[in-house]
Amino acid sequence: MKPSAFAYARPRALEEAFALLEAHGENAKLLAGGQSLLASLNMRLATPEILVDIGAIPGLDGIAVKGKTLVIGARTTHRTIERSEAVARHAPLLAQAAPHIAHIAIRNAGTLGGSLAMADPAAEWPACCVALQATIVVASKKGERRIAATEFFKDLYTTALGPGELITAVEIPCAETDERHSFLELVRRRGDYAIVGLAARARVKASALSGVQLVFLGVGVTPVRAKAAIAALEGKTADADAVRAAQAALDRDLAPGPDLYTSADAKRHMARVLVARAAAALVG
Ligand SMILES: Cc1cc2nc3c(=O)[nH]c(=O)nc-3n(C[C@H](O)[C@H](O)[C@H](O)COP(=O)(O)OP(=O)(O)OC[C@H]3O[C@@H](n4cnc5c(N)ncnc54)[C@H](O)[C@@H]3O)c2cc1C
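Predicted model only: the values in this text are computed from it and were never measured. (Residues numbered from 1 in each chain as written. Predicted model: local features only at pLDDT ≥ 70, side-chain atom pairs only at ≥ 80, totals over all residues. Heavy atoms only, no water.)

1. Here's the deal with the overall build of the protein
In plain terms, the rule: The helix and strand labels rest on DSSP assignments: H or I over at least four residues marks a helix, E over at least two residues marks a strand, and numbering proceeds from the N terminus. Radius of gyration: C-alpha atoms only; globule rule: 2.2 Å multiplied by the number of residues to the exponent 0.38. Each residue gets one of three labels from its accessible area relative to the maximum for its type: buried under 20%, exposed over 50%, partly exposed in between, using a 1.4 Å probe on protein chains only. Contact definition: two residues touch when any of their heavy atoms are within 4.5 Å.
Summing up its helical and strand segments, the protein has 12 helices and 14 strands in all. Taking 19 Å as the expected radius of gyration for a compact globule of 284 residues, we find that the protein reaches 19 Å, a close match to that expectation. Each of the three principal axes of the protein carries a C-alpha extent, and together these read 60 × 45 × 30 Å. Here the protein, with 284 residues, has 50% of them falling under the buried criterion. Here the contacts in the protein between residues at least 6 apart in sequence split such that 60% fall between residues at least 24 apart.

So, in structure tokens, the structure goes:
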């Protein structure tokens, strides 16, 4: 299929983009890397009257360390994040996750902001942002607001973004020196969306875990923070008993539905496998 006809604008400033979003309301769509949006247009799942390309707006891309915060512009591509030394040092979870996103050609174009706005429950960045307790910075004609990643993903492909708002950046607390990270996922073929994935992080002192975060992708309509499994590992040394307790606790945390290829039981099993692997990686 071909997309329905649309107008195209390439504003040079945020204010111009806000004016276009206000003028066209729900009939305007922001265009970043186009890696998800163009497919939706071609299938006529989206039929906007205008695309507002944010590619020429200054200040929306790049990676910077500001004090103890890593700031990544919304238009920064997956590939730039993957290759960034600052990301590898201050947010190693993102560096581990990036190679799992599709293929290099898609990572060269797709952006952090586009992925977060899309809110695909099987995408890597949303789960990582929740695990890293990131803050999503959004802006509109009314000004700027900051939304905790834990509050940003509301439902399937649904976020806390309001009308006229766009994501400008993501703020991530820089990793502490005793922090460990593990990003794992199971896929049918390399480059596919994950069947089940896990973004994990914890501080490790004398082999004991604290500040544990376990956030799954592919098992719900949003990233799923596994609270009971987290409690089972918190303060423990990730020995066999603690790992078994965390695996058992997943039954309280996760209620995955089946998809075309994978049953709910298989997904639950995969989640248990990933928790054991992540616990080993965190203390390893
Ligand atoms: C074959 C294929 C495989 C893929 N596999 C994976 C995968 O394994 N994992 C994964 O995570 N992703 C995967 N993707 C999706 C890819 O990561 C996209 O890049 C990403 O989902 C969207 O980013 P984008 O910059 O291309 O956004 P676009 O496609 O341009 O936009 C996506 C949506 O976000 C909105 N948007 C874009 N930028 C902003 C902003 N700054 N503020 C507010 N709204 C905005 C747009 O209006 C649109 O609704 C895959 C894509 C393809 C084509």
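2. Points about the pairing of strand β12 (residues 196-205)
Filter applied, for reference: When DSSP finds two or more bridges between two strands, those strands count as paired.
With 8 of 10 residues buried, β12 is to be regarded as a mostly interior element. Relative to β12, strand β11 (residues 179-186) runs antiparallel, the two being bridged by 8 bridges. Residue pairing across strands places serine 182 opposite alanine 200, the latter belonging to β12. Summarising the sheet, β12 and strand β13 (residues 208-217) pair through 8 bridges and their orientation is antiparallel. Within the sheet, the bridge partner assigned to valine 204 lies in β13 and is leucine 209. Linking β12 to β13, which pair antiparallel, is a turn of 2 residues; within it alanine 206 sits at a positive phi near 45°.

3. Some thoughts on the pattern of salt bridges
Formally: A carboxyl oxygen of Asp or Glu within 4 Å of a side-chain nitrogen of Lys or Arg is what we treat as a salt bridge.
In this structure the tally under the stated criterion is 16 salt bridges. Arginine 146 serves as the salt-bridge partner of glutamate 171, at 2.7 Å between the closest nitrogen and oxygen. Pair noted here: glutamate 171 is in strand β10 (residues 166-173) and arginine 146 is in strand β7 (residues 143-148), with a separation of 25 residues, a long-range link. For glutamate 171, a relative accessible area of 17% translates into the label buried.

4. Things to note about helix α12 (residues 264-283)
What counts here: Helix span, as expected, comes to 1.5 Å for every residue beyond the first.
In this model, α12 (20 residues) spans 29 Å end to end at C-alpha, consistent with the 28 Å of a helix rising 1.5 Å per residue. Within α12 the residues assigned to the buried category are Ala264, Lys267, Met270, Ala271, Leu274, Val275, Ala278, Ala279 and Leu282. Check the buried side of α12 and you find it contacts β11, β12, β13 and α11 (240-253).

5. Some thoughts on the sheet that holds strand β1 (residues 7-9)
Heads up, the rule is: Helix axes use the C-alpha atoms of the stretch in contact, all axes being lines fitted to C-alpha atoms, and the angles between their N-to-C directions lie in the range 0 to 180 degrees.
Pairing is parallel across the open sheet formed by 3 strands, whose spatial order is β1-β3-β2. Each edge of the open sheet is held by one strand with a lone partner, namely β1 and β2 (28-31). Each strand axis lies, on average, 25° off the axis of its neighbour in the sheet, ignoring direction. The pairing of β2 with strand β3 (residues 50-53) spans 4 bridges and is parallel. Residue pairing in the sheet places leucine 31 in a bridge with aspartate 53 of β3. Along the sheet face, helix α1 (residues 14-24) touches β1, β2 and β3 and points at about 165° away from the line of β3.

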